[in-house]
Amino acid sequence: MSNIGSYLERQASFDWSVAREALGWKEGELLNIGHICSDRVCASGRADKEALLWEGFGGKKAVHTFDDLRARSNAFARLLVDEGLTPGDRVCLFMDKIPSLYFAFLGILKMGGIAQPLFSAFGDESLKVRLESAGTRAILTTGKHVKKVRKIRGDLPALEKVIVVEGDPAKLKEGEEFFDVEAADRVEEFPYFDGGPEAPSVLHYTSGTTGQPKGAQHVHSSVWGQALTTSWVLDLTDDDVYWCTADPGWVTGTSYGIIGPWALGATQCVLDAGFTSARWYRFIQDHRVTVWYSAPTAIRSLMRDGADLVRKHDLSSLRHLASVGEPLNAEAVVWSEEVFGMPFHDTFWQTETGAMMIANWPGMKIKPGSMGRPFPGITAAILDLKTNDPVTTPGQVGLIAFRPGWPSMFRAYRNQPDVYRSKFVGAPDGASPEELRTNPDIWYVSGDRASVDADGYYWFVGRDDDVINTGGHLVGPFEIESALIEHEAVAEAAAVGKPDQMNMEVVKAFVTLHAGYTPSDELELDIMNFIRKKLSPLAMPQEIEYSDKLPKTRSGKLLRRYLRALEWGEEAGDLSTLEDD
Ligand code: WT7
């Protein structure tokens, strides 16, 4: 019997208090994610249970119990308080998936700080934009990544503390501190911050079409939704060994790579080493992984490497598989049934939703290629593209929308109340953020297009904006274009997604050059590297096309849609009509 039981019964009697009960959390108890994910598990008699089974490059291994998680995260909380940080301060985590990342994440939350995890492969410009926007006061990083911080520190007056948590202390520069949590004393007691359900917890940056990335602010009560979806969709039980392959720089890596599973006291595995299919299978085999949450890009790579490789490993421990981030091809579902003996269960959600919204769960009939049905307690609809009214015809394409009010919903885009408001339809003018997140008569609009069939299954169509989804990671065209025009040769730039077998989309850039520069392969390579270093390998264009002129509307807005359609071999439409936009 799976944790979700009967969907129809769950759906009929649903109330979010179920989520609190699933977690065993009672009104009046301390509501702090750091505490819930460690101390509470210890208090339930599981202090010596393995919390983290970790492997890094070069065969490095570590095992940490829930008691370690508790005492080490306390040590980070203590450090931050001693450094003068106070509740509400943004503390950035900028490191690989090393154990300290996990301890520090919980430690920041324990002292009331806002954890701001950023992908360690970000270059200095991507980092700067996000630290600036967040007004980040402290950054925790490692010897490997601190150089990027040094490059931009002078531009970030709010950034008071740079703390290096791994590496050679002798290599530190002035104004930097060193803290090795495993060499430091364990901290047994700490006065945990208790700010109630609405206290801010995690800040994740996500890309949109216009402007630089936006900071989606989450709160401590998100744990209710994250824990319940972990239980019902990922089906975790006390005996499971769970592996979420995502990096905590992205929301999957925190909601389902830290918070949900540890709130339930599950054992998690982390592999901090690059991807190869063989390495991944060996990891599953060695740790006897039972539940595995991954992404279509990875699954497509596994498919490419074939069924024989699967058979060379003992993967008999696996019992449940799930996927998120991009459309999960029907072929991938069928393939996984063939080779693993079970399907990948697709789940749909976003940084903003904080937890799964539409999903396939154990026991549910899977229609390969569909994202599944709304989670109990989630009211979803497809809104008509013109009227914004829910469509009533099965198969009609429109915008995926949700009624507000689920616990893990984002509470703001940091410092951008108008952009936050623009994500809702039907709200009265001047509605407060509080109203936007509670009004049951309005819709939160996801920005994705889909249809729903007569059985209530959702089918993804595509994004409704120009954001590029490369291997499950969103990159914003504006961020890439802004970086491109900082290259000395580039006058104007447009970035769009072009089709890619493995990553679904990769970035392609169209550029016009300043007078005096001529197109060449060398210049193309130089521009690519410039973006890789400044932003990240994900944002780096895989192709650059030189152009004399970029298509624009009469008001001067870039017509990315037109360029994108050309790349995808779709009907681009008549440029002259597009120009009227
Ligand atoms: C966007 C959100 C939420 C975890 C990781 C991504 C796309 C997500 C699916 C899916 C098709 C999907 C959407 C969405 N997406 N899951 N199952 N099928 N597309 O979080 O970075 O905020 O990206 O990823 O376009 O809006 P994110």
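Located above this text is the structure these notes cover.
Each residue is numbered by its place in its chain's sequence as written, counting from 1. Where local features are concerned, this predicted model is filtered to residues with pLDDT of at least 70; where side-chain atom pairs are given and counted, the filter is 80 or more; whole-chain, interface and lining totals use all residues. Calculated side-chain values reflect all of the structure's heavy atoms, with hydrogen atoms and water omitted.

(A) Focus on the site of the ligand. Whether a residue is near a molecule or strand depends on its heavy atoms: if one lies within 4 Å, it is near. In the neighbourhood of the ligand, 19 residues make up the surrounding shell, with Asp-346, Thr-347, Gln-350, Thr-351 and Asp-448 lying closest. Thr-347 is positioned such that a nitrogen or oxygen atom in its backbone is 2.7 Å from a nitrogen atom of the ligand. A 3.5 Å cut-off defines polar contacts: any pair of N or O atoms within that distance qualifies, except that in protein one atom must be a possible hydrogen donor and the other a possible acceptor, and neighbouring residues in sequence count only when both atoms are side-chain atoms. In this structure, an oxygen atom belonging to the ligand sits 2.9 Å away from a side-chain N or O atom of Gln-350. For the area figures, the Shrake-Rupley method with a 1.4 Å probe applies, and any residue is considered shielded solely by the protein chains shown. Computed on the free molecule, the ligand has an accessible area of 560 Å², of which 96% lies beneath the protein chains in the complex. Under the scheme used here, helices are H or I runs from DSSP no shorter than 4 residues and strands are E runs no shorter than 2 residues, and both carry numbers assigned from the N terminus. Counting residues per element, the ones that place at least two in the shell around the ligand are helix H10 (251-263), strand E14 (344-348) and strand E22 (458-463). Among the elements that take part in the shell around the ligand, E14 stands out by supplying 3 residues, more than any other. Three categories are distinguished: nonpolar for Ala, Val, Leu, Ile, Met, Phe, Trp, Tyr, Cys and Pro, charged for Asp, Glu, Lys and Arg, and polar for the others, with Gly belonging to the last. Across the shell around the ligand, the residue classes break down as 8 nonpolar, 7 polar and 4 charged.

(B) Expanded view of unusual backbone geometry. The backbone of Asn-415 shows a phi angle near 60 degrees, a positive value even though the residue is not glycine. Relative to the elements of secondary structure, Asn-415 occurs in the loop between strand E19 (412-413) and helix H15 (417-421). Although it is not a glycine, Met-504 sits at a positive phi angle of roughly 70 degrees. Looking at where Met-504 falls in the secondary structure, it is placed in strand E26 (residues 504-513).

(C) How the structure looks around the environment of Met-111. Within the secondary structure, Met-111 is located in the loop between helix H6 (99-110) and strand E4 (114-117). Leaving out residues up to four positions away in the same chain, Met-111 has contacts with Ala-77, Leu-80, Val-81, Leu-85, Thr-86, Pro-87, Phe-190 and Phe-193. When checking whether two residues touch, look at their non-hydrogen atoms; a contact exists if any pair is within 4.5 Å.

(D) Up close: the packing of helix H5 (residues 66-82) against H6. Note on geometry: axes are C-alpha line fits, over the in-contact stretch for helices, and angles between N-to-C directions span 0 to 180 degrees. With their axes 7 Å apart at the nearest point, H5 and H6 run at an angle of 60 degrees to one another. Classified by the angle between their axes, H5 and H6 sit oblique to one another. Crossing handedness for the pair H5 and H6: right-handed. For the pair formed by H5 and H6, the contact residues are Asp-68, Leu-69, Arg-70, Arg-72, Ser-73, Asn-74, Phe-76, Ala-77 and Leu-80 on the first element and Ser-100, Phe-103, Ala-104, Leu-106, Gly-107, Ile-108 and Lys-110 on the second. Residues that form the contact of H5 with H6 fall into these classes: 8 nonpolar, 4 polar and 4 charged. These descriptions rest on fixed angle ranges, namely under 35 degrees for roughly parallel, over 145 for roughly antiparallel, 65 to 115 for roughly perpendicular, and the rest for oblique. It is the rotation of the near helix from the far one that decides the hand of a crossing: anticlockwise by less than a right angle makes it left-handed, clockwise makes it right-handed.

(E) Spotlight on the packing of helix H4 (residues 39-46) against H5. Their axes nearest at 9 Å, the elements H4 and H5 cross at an angle of 145 degrees. Where H4 crosses over H5, the two elements pack in a sense that is left-handed. Along the contact surface, H4 presents Asp-39, Val-41, Cys-42 and Arg-46, while H5 presents Phe-66, Asp-67 and Arg-70. Of the residues assigned to the contact of H4 with H5, the class counts are 3 nonpolar, no polar and 4 charged.

(F) Just the sheet that holds strand E16 (residues 373-374), in detail. Taking strand neighbours across the sheet as the criterion, the 9 strands line up as E2-E1-E11-E10-E12-E13-E14-E15-E16 in an open arrangement whose pairing is mixed. The open sheet is flanked by strand E2 (61-65) and E16, the only strands paired with a single partner. Alignment of strand E10 (residues 241-244) against strand E11 (residues 267-272), held across 3 bridges, turns out to be parallel. The partner of Val-241 across the bridge, within E11, is Thr-267. Against the sheet, H5 touches strand E1 (50-56) and E2, its axis set at about 85 degrees to E2. By the convention used here, strands pair only if DSSP detects at least 2 bridges between them.

(G) Inspection of the state of the cysteines at higher detail. Cysteine sulfurs are considered disulfide-paired once they come within 2.5 Å of each other. Tallied over the entire structure, the rule returns 0 disulfides. Its sulfur unpaired, Cys-37 is 11 Å from the next cysteine sulfur, which belongs to Cys-42.

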